[in-house]
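What follows is the residue order along each chain.
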Amino acid sequence: MAQVSLARWSDDDLALLRAGNAPGMTAHLGGPETEAQVLDRHERYLRYWETGEARMFRIVADGDPVGAVGWWSTTWRGADVHETGWFVVPEAQGRGHAAAAVRLVVDDAREHGRFPLLTAFPSADNLASNALCAATGFTVRGTEDIEFRGTHLHVTVWSVDL
């Protein structure tokens, strides 16, 4: 298996974010964002490091960028929690990179987070992301309907104690 590490999100990662915005990559998220939305998200990822609002990372496998993962603060069921999300580009999927990256981001949230819970909200029909949560130590908390990027999603709620 490849050596997987996390690197702080940088100006050079815009192309990676665009790769993660493809229709096949966003099918469980309501579809791709516009170019303006992608640019805005990239700027937020950069700014978050400066403001401490979140920690967004490039996933690196054997020296090559293969995706992104991060965590941020949010509110779930009236409690302050952290949330995580990720993607791995299609040509790098199925090699364990996402699982390694999620384990690393859980460790990072344990070290740098302020709240005792890390959550994930993959679409209930996203079998790969739900399997990833199960494989990386998250526990199912149920399902919910949420609004995300202007669309409604039926998600599985996962969490891990930090």
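The following paragraphs examine the structure supplied in this document. (Residues numbered from 1 in each chain as written. Predicted model: local features only at pLDDT ≥ 70, side-chain atom pairs only at ≥ 80, totals over all residues. Heavy atoms only, no water.)

**Considering the overall build of the chain**
And step 1. Helices and strands together make up the secondary structure of the chain, namely five helices and seven strands.
And step 2. In summary, the chain has a C-alpha radius of gyration of 15 Å against a globular reference of 15 Å for 162 residues, a match within 12%.
And step 3. For the chain, the spread of C-alpha atoms along the principal axes amounts to about 35 × 35 × 35 Å.
And step 4. Burial statistics for the chain: of 162 residues in total, 46% are counted as buried.
And step 5. If you sum the accessible surface of the chain, you get close to 8200 Å²; carbon and sulfur atoms cover 50% of it.
And step 6. On the chain, the mean spot of the 14 positive side-chain charges and the mean spot of the 22 negative ones are 3 Å from each other. (Helix = DSSP H or I, 4+ residues; strand = E, 2+ residues; numbered from the N terminus. Rg over C-alpha atoms; globule rule 2.2 N^0.38 Å. Buried < 20%, exposed > 50% of the residue type's maximum accessible area, 1.4 Å probe, protein only. Areas by Shrake-Rupley, 256 points an atom, 1.4 Å probe, with all protein chains shown as cover. Lys, Arg positive; Asp, Glu negative; His and termini not counted. Charge placed at Lys NZ, Arg CZ, Asp CG, Glu CD.)

**Some details on the pattern of salt bridges**
And step 1. All told, the structure shown has nine salt bridges when counted by the stated rule.
And step 2. Of the charged contacts in the structure, one is a salt bridge between aspartate 40 and arginine 44, with a shortest N-O distance of 2.5 Å. In this pair, aspartate 40 and arginine 44 both sit in helix α3 (residues 35-51), four residues apart, roughly one turn of the helix.
And step 3. According to the relative accessible area criterion, aspartate 40 is partly exposed, its value standing at 40%.
And step 4. The shortest N-O distance in the salt bridge between glutamate 144 and arginine 77 comes to 3.1 Å. Of this pair, glutamate 144 sits in strand β6 (residues 139-148) while arginine 77 sits in the loop between β3 (64-76) and β4 (79-88); the two residues are 67 residues apart in sequence, bridging distant segments of the chain.
And step 5. On the basis of relative accessibility, which here comes to 57%, the residue arginine 77 falls in the exposed class.
And step 6. Connected through shared salt-bridge partners, Glu33, Arg41 and Arg149 make up one network. (Salt bridge = Lys/Arg side-chain N within 4 Å of Asp/Glu carboxyl O.)

**Let's talk about the pairing of strand β7 (residues 151-161)**
And step 1. Where strand β5 (residues 117-120) lies against β7, four bridges are found, and the strand directions are antiparallel. Each residue of the ladder has a partner; that of leucine 117, found in β7, is aspartate 161.
And step 2. Here β6 runs beside β7; their pairing, made up of nine bridges, is antiparallel. Of the residues in β7, the one forming a bridge with phenylalanine 148 is threonine 151. (Pairing = 2+ DSSP bridges.)

**Details of helix α4 (residues 97-112)**
And step 1. For α4, with 16 residues, the first-to-last C-alpha span of 22 Å sits near the 22 Å given by 1.5 Å per residue.
And step 2. Of all the positions in α4, only His97, Ala99, Ala100, Ala101, Val102, Val105, Val106, Asp108 and Ala109 are classed as buried. (Expected span 1.5 Å × (residues − 1).)

**A word on the pairing of β3**
Looking along a regular strand, one sees side chains alternate from face to face of the sheet.
And step 1. Sheet topology places strand β2 (residues 54-61) next to β3; eight bridges connect them, and they run antiparallel. From the neighbouring strand, alanine 54 faces β3, where its bridge partner is tryptophan 72.
And step 2. What sits between the antiparallel neighbours β3 and β4 is a turn of two residues, in which arginine 77 has the positive phi angle 50 degrees.

**Some words on the nonpolar core**
And step 1. Within the largest apolar cluster, 39 residues are counted, with the highest numbers of intra-cluster contacts made by Trp9, Ile59, Phe87, Leu118 and Phe138.
And step 2. Considering each element in turn, this core owes the most residues, seven residues, to α4. (Core = buried A, V, L, I, M, F, W, Y, C linked by side-chain atoms within 4.5 Å.)

**Remarks on the sheet that holds β5**
And step 1. Taken in spatial order, the seven strands of this open sheet run β1-β2-β3-β4-β5-β7-β6, and their pairing is mixed. A strand with exactly one partner marks an edge of an open sheet, and here the two such strands are β1 (4-8) and β6. Each strand axis lies, on average, 35 degrees off the axis of its neighbour in the sheet, ignoring direction.
And step 2. Bridge count between β3 and β4: 10 bridges; the pairing is antiparallel. Across the sheet, the residue bridging to glycine 70 is glycine 85, located in β4.
And step 3. Lying on the sheet, helix α5 (residues 127-135) is in contact with β4, β5 and β7; it crosses β7 at an angle near 10 degrees. (Axes fitted to C-alpha atoms, helices over the stretch in contact; angles between N-to-C directions. Contact = heavy atoms within 4.5 Å.)

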